[in-house]
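Residue strings, one per chain:
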Amino acid sequence: MGEFKVHRVRFFDYMPTAIRAMAFNAHTERLALGRMDGSVEIFNFADHYFQEKVIPGKDSRSIEALCWVGGRLFSAGLNGEITEYDLENLRPKYSLEAYGGPIWTITSNSQGAHLAIGCEDGTVKLFEVLEESIQFERNLDRQKGRIISLSWHPSGTQIAAGMMDMIRVFDVPTGRAVQRLLVDRGFGGSKSRETVVWSVVFLSDCTIISGDSAGKVQVWDGHTGTLVKTHLVTKWDVLALSVSKDESSVVVGTSEGTVIQFQFIAPTLQQQQDKEWVRTRTFKNHTHDVRALAEIETAIVSGGMDTQLVVRPLLEKFDERSHASALRKIQFPHRNLVFCAKKAGLLLFQFPGQLELWRLGESDGHGKPGDSLPLKRKPEKLLHLKRKGEDHICCSALSSCGGWLAYSTMSSVRLYRLQTDNNDISITKVPKLPKILRSAHQLCFSSDSSKLFAASSQSSVLVIALSQSECKYVHTLKPKSGSRQPIHLMTNSVDGKWLATANSDCEIHVYNVQKLKLHCIVPVYGSCPSAMGIHPTTNNLTMVHADQQIFEYSIVEKQYTDWSRKLQKQGLHNLWLDRDTPVTHVTFNPKNPEQILLHDMHMFCIIDQSLPLPDQKTQFYNQMTLRSLSEQERPSHLHAFKICKTFQDLLSVSLLDDQSLVMVERPLLAITSQLPAPVRQKKFAT
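Residues numbered from 1 in each chain as written. Predicted model: local features only at pLDDT ≥ 70, side-chain atom pairs only at ≥ 80, totals over all residues. Heavy atoms only, no water.

As recorded in an unreviewed UniProt entry, the chain goes by the name UTP4 small subunit processome component, listed as coming from Oncorhynchus mykiss.

Here it is as structure tokens:
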């Protein structure tokens, strides 16, 4: 595998925020997820659950609920505004004040013609969905007390509203409340507290199912307004409900971190005709409150205070046990938050509200593999740069020489000149940026730090020339495809000639930076690229996709390389394809041109192109076996994929110019330890 001196970096205090809301679009198979910091993430469930888009948050934006209408995404929050998102430019399209105080919930009817919101002032407000916006239509009968949850009847003629101690059913055409369902308070001391109906679903047979703060899941007859059955599922709150498309299953999320499934089935084999809602399964994949749920065709998707997105496949939906039926936990973003100045030995960490610049430590020591070397100089935090304004940072970049730093929010781009002496650092803001440089989806510096590339709207790239005295706009590189999707990956070659970009349409464009024109388009592959890099000597473009496939493309010859064709013909090993986290970074070893270095959350891998590819019978994870063999036996067991799992929960891997590796780890235990305490649960023998 080769020997490297390794910097194990654990001082990046990455802390994701809690998941507050989610909505699944069955037509596009996209899951929208809203977090407590106001950011929105879009996952493509048809492409191995890849996080293809992130809309950064804002200090004043709150997300309590999300809702799809066709391909359009809306949110509502406690700031009292309804927001529609521009999914092409990754920003809010507009925000509309509802004038009802904080908004607790938003939902659309099955026809996609109207939105309903539940407000603090007791009103349910209807909005008509127009082609480019929404328009207030009317209020339903005002109630005493806030509207916490809403659910449309599939016909669109009635709405069930969860409130304090009750559920109201509204007739939409008249706007009148036609039913009042009184919800029992809890038992014992909790009888004095109001019961909050956190979630409600309205089924096509007029059954209403509610979840409340007294720990009850209740089934109601919507025709008569009577209670059919009560299931006490927890001593704490039932926070979320979601119903399957065929209405045969309902899943429930609780404050204890459990997800409980109810199914509409016959309670015994003898009573096949008399179906009822029966509690069938309990899943415990969370440590804290489950705030958001979605039951999709083959799985239950859940998220909450512990920040992770859990996809729990329903095994009865699969004919056999396979990779697709395995539990998935998405804990880290599928994009880079760490940037390395390879020549200067500096690291830039991106947070929503600030950037941190660190200098790596140094060691004079030598030792055998596995030894910890004594530090001559400790890692040092050089800079803490707070963003300006309310918008969160969406992307940032650090030049390889460590002399330039840039970041972008939705409203502006800021560029800084850095100068570092032994222990001193000075930072100077570049005052006048070109007016065309308003915001960017991705930023990257050329290897000689003479240019800044900024990914703009419609997959275009702005080229900005940098010098000590000025910053000048040069050209806009535009794709011929006419794609409107944002760029999520950008990389350039060491010789400064080539720039490659990838967008959410799975298109990869290669530009000639010297001639300022499009050079070629890599053949489109059906899965989104998750990482890519250009080889420093051969200028071959290596791409890894969300489905774990690897391609190598010769930019000069405009075709796949022989090694890539051989790899695709033979196929990748099943153990490689069955990994459940995407590769997020590709780099190369200039001292050994045959080596490709890449990593995902759980492993670091060196692909040696000079060695034979492993077939399905080959022992894939063979490092321990190789160590036990003699020098004579070892060559017959070698293959191209060398996997290292010594480092866990990896956010970034970089190779410095001095041939030392930088491993940025963020142990999940460190994230968990910063979460608020979960609700107290009785444990055995305590």
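What follows continues from the structure just given.
Section: the overall build of the chain
The secondary structure content of the chain amounts to four helices and 55 strands. Relative to a compact globule of 686 residues, whose C-alpha radius of gyration would be 26 Å, the chain shows 27 Å and is just as compact. Considered along the principal axes of its C-alpha atoms, the chain spans approximately 75 × 60 × 50 Å. Counting the 686 residues in the chain, one finds 58% classified as buried. Of the contacts made within the chain by residues no fewer than 6 positions apart, 48% connect residues no fewer than 24 positions apart. Here the chain carries 78 positive and 71 negative side-chain charges, and the mean point of each set is 4 Å from the other. (Helix = DSSP H or I, 4+ residues; strand = E, 2+ residues; numbered from the N terminus. Rg over C-alpha atoms; globule rule 2.2 N^0.38 Å. Buried < 20%, exposed > 50% of the residue type's maximum accessible area, 1.4 Å probe, protein only. Contact = heavy atoms within 4.5 Å. Lys, Arg positive; Asp, Glu negative; His and termini not counted. Charge placed at Lys NZ, Arg CZ, Asp CG, Glu CD.)

Observations concerning the sheet that holds strand 4 (residues 40-44)
Pairing in this open sheet of four strands is antiparallel, and the strands run 2-3-4-5 from one edge to the other. Edge positions in the sheet fall to strand 2 (19-25) and strand 5 (50-55), since each has one partner strand and no second. Across the sheet, the axes of successive neighbouring strands diverge by a mean angle of 20°, strand direction being ignored. Here strand 3 (residues 30-35) runs beside strand 4; their pairing, made up of five bridges, is antiparallel. Pairing of Leu31 across the sheet is with Phe43, part of strand 4. (Pairing = 2+ DSSP bridges. Axes fitted to C-alpha atoms, helices over the stretch in contact; angles between N-to-C directions.)

What to know about the side chain of Ser446
Secondary-structure assignment places Ser446 in the loop between strand 38 (442-445) and strand 39 (451-455). On the accessibility criterion, Ser446 (5% relative accessible area) is buried. There is a polar contact of 3.2 Å between the side chain of Ser446 and the backbone nitrogen of Ser450. If we ignore the near neighbours within four places in the chain, the residues touching Ser446 are Lys451, Phe453 and Asn492. (Polar contact = N/O pair within 3.5 Å; in protein donor to acceptor, adjacent residues only side chain to side chain.)

Quick look at the pattern of salt bridges
For the structure on display, the rule yields 20 salt bridges. Put simply, Arg8 and Glu665 hold a salt bridge, and the shortest N to O gap is 3.0 Å. With Arg8 in strand 1 (residues 5-9) and Glu665 in strand 55 (residues 660-665), this pair connects stretches of sequence that are 657 residues apart. For Arg8, a relative accessible area of 46% translates into the label partly exposed. Under the relative-accessibility criterion, Glu665 is labelled buried at 0%. When the shortest N-O distance is used, the salt bridge between Arg387 and Asp59 registers 2.9 Å. Placement of the pair is Arg387 in the loop between strand 33 (380-386) and strand 34 (395-398) and Asp59 in the loop between strand 5 and strand 6 (65-69), with a sequence separation of 328 residues. Relative accessible area serves as the criterion here: at 49%, Asp59 is assigned to the partly exposed category. In the salt-bridge network here, residues are joined through shared partners; they are Arg8, Arg10 and Glu665. (Salt bridge = Lys/Arg side-chain N within 4 Å of Asp/Glu carboxyl O.)

What about helix 1 (residues 562-570)?
Regarding helix 1, the residues found buried are Trp563, Ser564 and Leu567. Projected onto a plane normal to the axis of helix 1, the buried residues spread over an arc of 100° and lie on a single side. The outward face of helix 1, more than 90 degrees from its buried face, is lined by the exposed residues Asp562 and Lys569. The inward-facing, buried residues of helix 1 contact strand 48 (550-554), strand 49 (559-560) and strand 52 (604-608). (Arc of directions from axis to C-beta.)

What about a positive patch on the surface?
Taken together, the side chains of Lys480, Lys515, Lys517 and Lys558 make up a positively charged region of the molecular surface. On the secondary structure map, Lys480 appears in the loop between strand 41 (471-477) and strand 42 (487-492). By relative accessible area, Lys480 is classed as exposed at 74%. (Patch = residues over 30% accessible without salt bridge, like charges linked within 9 Å, V, L, I, M, F, W, Y side chains within 5 Å. Areas by Shrake-Rupley, 256 points an atom, 1.4 Å probe, with all protein chains shown as cover.)

Overview of the pairing of strand 45 (residues 517-522)
Relative to strand 45, strand 44 (residues 508-512) runs antiparallel, the two sharing five bridges. The residue bridging Asn512 from the neighbouring strand is Lys517, located in strand 45. Between strand 44 and strand 45, which pair antiparallel one after the other, the connecting turn spans four residues, and Leu516 there sits at a positive phi close to 55°.

Side note on the state of the cysteines
Considering all chains together, one arrives at zero disulfides under this definition. In this structure Cys444 is a free cysteine whose sulfur lies 11 Å from that of Cys395, the closest cysteine sulfur available. (Disulfide = S-S within 2.5 Å.)

Things to note about the environment of Arg61
Relative to the elements of secondary structure, Arg61 occurs in the loop between strand 5 and strand 6. Given the relative accessible area of 9%, Arg61 is considered buried. Here the alpha-carbon distance between Arg61 and Ala266, two residues 205 residues apart in the chain, equals 46 Å. Leave out the neighbours within four places in its chain, and Arg61 touches Gly38, Pro56, Asn79, Tyr85, Pro92 and Met410. Within the structure, Arg61 has its side chain in polar contact with the backbone oxygen of Pro56 (distance 3.1 Å).

Re the pairing of strand 6
In terms of burial, strand 6 is largely enclosed, as five of its five residues are buried. Strand direction decides the pairing type here: strand 6 and strand 7 (residues 72-76), joined by five bridges, are antiparallel. The residue of strand 7 that forms the bridge with Leu66 is Ser75. As consecutive antiparallel partners, strand 6 and strand 7 are separated by two residues, and within that stretch Gly70 has a phi angle of approximately 65°, a positive value.

As for the nonpolar core
The biggest cluster of nonpolar side chains holds 21 residues, and the ones touching the most others in it are Ile550, Trp576, Val586, Leu598, Cys605, Ile607 and Phe641. Put simply, the parts of the chain that give this core at least two residues each are helix 1, strand 50 (585-588), strand 51 (595-599), strand 52 and strand 53 (641-644). The residues contacting Ile607, other than those within four sequence positions of it, are Ile550, Trp563, Glu594, Gln595, Ile596, Leu598, Ala640 and Phe641. Counting 19 residues, the second-largest nonpolar core is a separate cluster that includes Phe12, Phe332, Val338 and Trp358. (Core = buried A, V, L, I, M, F, W, Y, C linked by side-chain atoms within 4.5 Å.)

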